[in-house]
Amino acid sequence: MAPTEDAAAATPPPPPHFVIVPFVAQGHTIPMVDLARLLGSRGARVSLVTTPMNAARLRGVAGHATRAKLALDIVELPFPTDVAGLPPGIEHVDQVTNHNHCVLLFAALRRLAEPLEAYLRSLPPPRRPSCLVSDWCNGWTAAVSARLGIPRLFFQGPPCFYSLCDINAVDHGLHEQTAAARDDTEKFVVPGMPVRVEVTRATAPGFLNSPGWESQWAESMDAMRTSDGAVVNTFFDLEAQFLACYEAVLGKPVWALGPFCLANRGDAEATASRGNAPDVARQSAVTAWLDAMDTDDSVVFVSFGSLVRKLPNQLFEVGHGLEDSGVPFVWVVKESEAAAPEVAEWLAALEVRVAGRGLVVRGWAPQLAVLSHCAVGGFVTHCGWNSLLEAIAHGVPVATWPHFADQFLNERLVVDVLGVGVPVGVAEAPVMMLGDESAPVVGREDVARAVAALMGDGEEAGERRRKAKEYGEKAHRAMEKGGSSYESLTQLIESFRQSGGEKKTEDGTVHAWSPLKEQKK
Ligand code: UDP
């Protein structure tokens, strides 16, 4: 071997570079930021690509990464300013106030393809991308990675259980069946599932699979089928059978690397910077309130994620139900929900009545810090997958109150399959996330009953608690060295270190940017 070849052979390949493109909603960005932290903590280089307003929200993440010496950059692409009808200042789903703006926001995001390609082309050899990890909703990234020959994994927010239902529904004609449903109560069995799963027309799987979204849906489905695999925020011991079936149906590797939230374990700054500007003071105030509760598992946490907005009549029922339950609680009310004067006044009066036993958090709550606190013994949730998995990872059973998208099927997973949930018992009709006048109101009696069932000391409640603790322990083991998620992440990183991200481009030429190729020159 010539001396130069010798030297090249002795040089270890540089760490793989993962370029992550999250979708601009908290339930998508938060887990992908956690994934970025995980990859960075294991020696990979990571770039999180987003738009300026969203980058501003990630300032805490950037600061934390610098202090933790992670090779993690936030890359800003200019947000398109010329999308007709989209008011300036909307770069995130939680800023959207009507359905049409949501469609236009998706259209604006698709225009990021060009700046993303320019950014990827501009990267010098040691930082050339090994792999693009893109949210399922960002189907537009598929064409970019195909043009450049960069391997691409898609990140699907929901669990394998939901994604398997989703793909089976398409492959086996479930949507044609539900379209011909007699009425909203007619049940259909999701085909191809290893367990029996029943849905109605309204609760059938199919994110973005609705009128007005045809092109986005087709693009995302196509991007899924042409990807090199999937990354899912779940773990083997939680979803082994669904993971295996999903991988088989997809015909691609599915990397179960979660629970991602455990990437923040014991790091107050990291948990405080999840989803918003870091607010360590607020986090400390809430945990101090919980510290004062002297019995473990005695407090119920009530929160409906980042998007659901409840109208005043529904908010009042939740508040009365919590008050009537007699159980200590932490209840998150969004700023937009608390803004109306009659709501603000009502909340203030409630706080006086439940002083010492109930805490109302207005605005963004430090959810992970709450769920990981030993005083918290139950969670009333809208069944967003991040919220459910955060509860499971911390051994907390749930009362389920799904609203839309994957949430109804996530409820089936935690109630019927895992046995860690009790339903609040909402009608199976999706409630629009933006506050829906026509939505059936869940009464205070139902709220109080669900809280009592969740927090009670009967046999069923005890069994749910036992199972939740067991899954919590398994979740922690999965993320430790030797655990399933830890070892899968090692394999993922190593496979890209060794391949150097080599892949054929659309015209059949081999990806010219392979770090391995660069070194061998
Ligand atoms: N979250 C939070 N504080 C809040 C509301 C939400 O930290 O006040 C976080 C929560 O921990 C989770 C995410 O936001 O990580 C919400 O995602 P999920 O999938 O549960 O629901 P979505 O918001 O997408 O409906």
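Residues numbered from 1 in each chain as written. Predicted model: local features only at pLDDT ≥ 70, side-chain atom pairs only at ≥ 80, totals over all residues.

### Focus on the overall build of the protein chain
Now for step 1: Scanning the protein chain from N- to C-terminus turns up 23 helices and 15 strands.
Now for step 2: On C-alpha atoms alone, the protein chain measures out to a radius of gyration of 23 Å, which is about the 24 Å that the 2.2 N^0.38 rule sets for 521 residues.
Now for step 3: A principal-axis box enclosing the C-alpha atoms of the protein chain has dimensions of 80 × 55 × 45 Å.
Now for step 4: For the protein chain, the proportion of its 521 residues judged to be buried stands at 49%.
Now for step 5: Counting contacts in the protein chain only where the partners sit at least 6 residues apart, residues at least 24 apart contribute 70% of the total. (Helix = DSSP H or I, 4+ residues; strand = E, 2+ residues; numbered from the N terminus. Rg over C-alpha atoms; globule rule 2.2 N^0.38 Å. Buried ≥ 20, exposed ≤ 12 C-beta atoms within 10 Å, placed from the backbone. Contact = placed C-beta atoms within 7 Å.)

### A short note on the site of the ligand
Now for step 1: In the vicinity of the ligand there are 20 residues, among which Gly27, Gly305, Ser306, Gly384 and Ser387 approach most closely.
Now for step 2: Contributing elements (two or more residues each) for the shell around the ligand: helix H2 (26-41), helix H17 (367-371) and helix H18 (385-393).
Now for step 3: Here the shell around the ligand is composed, by residue class, of eight nonpolar, ten polar and two charged. (Near = placed C-beta within 6 Å. Nonpolar A, V, L, I, M, F, W, Y, C, P; charged D, E, K, R; others polar.)

### Observations concerning unusual backbone geometry
Now for step 1: Between Gly258 and Pro259 the backbone carries a cis peptide bond, its omega angle lying at 0 degrees.
Now for step 2: Within the secondary structure, Pro259 is located in the loop between strand E9 (254-256) and helix H12 (268-272).
Now for step 3: You will see that Lys69, though not glycine, has its phi angle at about 60 degrees, which is positive.
Now for step 4: Looking at the secondary structure, you find Lys69 in the loop between helix H4 (59-67) and strand E3 (72-76).

### What to know about the packing of helix H8 (residues 160-171) against helix H11 (residues 236-250)
Now for step 1: Between H8 and H11, whose axes approach to 8 Å, the crossing angle comes to 35 degrees. Seen from above, H8 lies across H11 with left-handed handedness. Taken together, the residues of H11 that come into contact with H8 (itself represented by Cys160, Phe161, Ser163, Leu164, Ile167 and Asn168) are Glu239, Phe242, Leu243, Cys245, Tyr246, Val249 and Leu250.
Now for step 2: The residue inventory of the contact of H8 with H11, partitioned by class, reads ten nonpolar, two polar and one charged. (Axes fitted to C-alpha atoms, helices over the stretch in contact; angles between N-to-C directions. Left-handed = near helix turned anticlockwise from the far one by under 90°.)

### Focus on the UniProt feature "domain: Glycosyltransferase N-terminal" (unreviewed entry) in the protein chain
Now for step 1: The UniProt record annotates "domain: Glycosyltransferase N-terminal" (unreviewed entry) at residues 19-260.
Now for step 2: Across residues 19-260, helical content stands at 44% and strand content at 14%; the span's end C-alpha atoms are separated by 17 Å. (UniProt positions renumbered as here; feature names shortened; annotations may be inferred.)

### Observations regarding helix H14 (residues 312-325)
Turn by turn, an α-helix covers 3.6 residues, leaving residues three or four places apart pointing in a common direction.
Now for step 1: Across its 14 residues, H14 extends 20 Å between first and last C-alpha, which sits within 8% of the 20 Å expected from 1.5 Å per residue.
Now for step 2: Those residues of H14 that are buried lie in contact with strand E10 (299-303), strand E11 (329-333), helix H15 (335-338), helix H16 (341-353), strand E12 (358-362) and helix H20 (444-455).
Now for step 3: Within two residues after H14, Gly326 carries a phi angle of roughly 75 degrees, on the positive side. (Expected span 1.5 Å × (residues − 1).)

### Section: the confidence of the model for the protein chain
Now for step 1: Mean pLDDT over the protein chain: 90, with 91% of residues reaching 70 or higher.
Now for step 2: In this model residues 510-521 is a low-confidence stretch, pLDDT under 50, and it forms 25 contacts with partners more than four residues away in sequence or in other chains.
Now for step 3: If you check the scores for this complex, the pTM reads 0.93 and the ipTM reads 1.00. (pLDDT = per-residue confidence, 0-100.)

### A few points about the nonpolar core
Now for step 1: Membership of the largest hydrophobic core comes to 140 residues, with the highest contact counts inside it found for Ile20, Val300, Ile392 and Val451.
Now for step 2: Per-element accounting of this core gives the leading share, seven residues, to H2.
Now for step 3: The residues touching Val300, leaving out its near neighbours within four places in the chain, are Val327, Phe329, Gly378, Val380, Val451, Leu454 and Met455. (Core = buried A, V, L, I, M, F, W, Y, C linked by C-beta atoms within 7 Å.)

### Description of the environment of Leu489
Now for step 1: Mapped onto the elements, Leu489 comes out in helix H22 (residues 484-499).
Now for step 2: C-beta crowding within 10 Å serves as the criterion here: with 23 such atoms nearby, Leu489 is assigned to the buried category.
Now for step 3: A sequence separation of 209 residues divides Leu489 from Val280, and the C-alpha atoms of the two residues are 30 Å apart.
Now for step 4: If sequence neighbours within four positions are ignored, Leu489 has contacts with Leu38, Arg42 and Leu257.

### Quick look at the environment of Pro14
Now for step 1: Structurally, Pro14 can be placed in the loop between helix H1 (3-10) and strand E1 (17-21).
Now for step 2: Its 18 C-beta neighbours within 10 Å are what place Pro14 among the partly exposed residues.
Now for step 3: Through-space distance from the C-alpha of Pro14 to that of Asp406 is 39 Å; in sequence the pair is 392 residues apart.

### Some thoughts on the sheet that holds strand E5 (residues 152-156)
Now for step 1: Read across the open sheet, the seven strands follow the order E3-E2-E1-E4-E5-E8-E9; overall the sheet is parallel. Looking along the sheet, the strands with just one partner apiece sit at the ends: E3 and E9. Going across the sheet, the axis of each strand differs from the next one's by a mean of 25 degrees, ignoring polarity.
Now for step 2: Alignment of E1 against strand E4 (residues 131-135), held across four bridges, turns out to be parallel. (Pairing = 2+ DSSP bridges.)

### Comments concerning the sheet that holds E12
Now for step 1: Strand order across the open sheet formed by six strands is E12-E11-E10-E13-E14-E15, with parallel pairing between neighbours. Each edge of the sheet is formed by a strand with only one pairing partner; in this case those strands are E12 and strand E15 (421-423). Here the strands of the sheet are splayed against their neighbours by 20 degrees on average, with no regard to which way each runs.
Now for step 2: Two strands pair when backbone bridges link them, and strand E14 (residues 398-400) and E15 are joined in this way by three bridges, in the parallel orientation. Considered in E15, the bridge of Val398 is made with Gly421.

### Some thoughts on the packing of helix H6 (residues 113-122) against helix H7 (residues 141-148)
Now for step 1: Two elements in contact, H6 and H7, have axes separated by 9 Å at closest approach and are oriented at 30 degrees. As for the relative orientation of H6 and H7, their crossing is right-handed in sense. On H7, the residues that touch Ala113, Leu116, Glu117 and Leu120 of H6 are Thr141, Ala143, Val144, Arg147 and Leu148.
Now for step 2: Among the residues making up the contact of H6 with H7, the classes are represented as six nonpolar, one polar and two charged.

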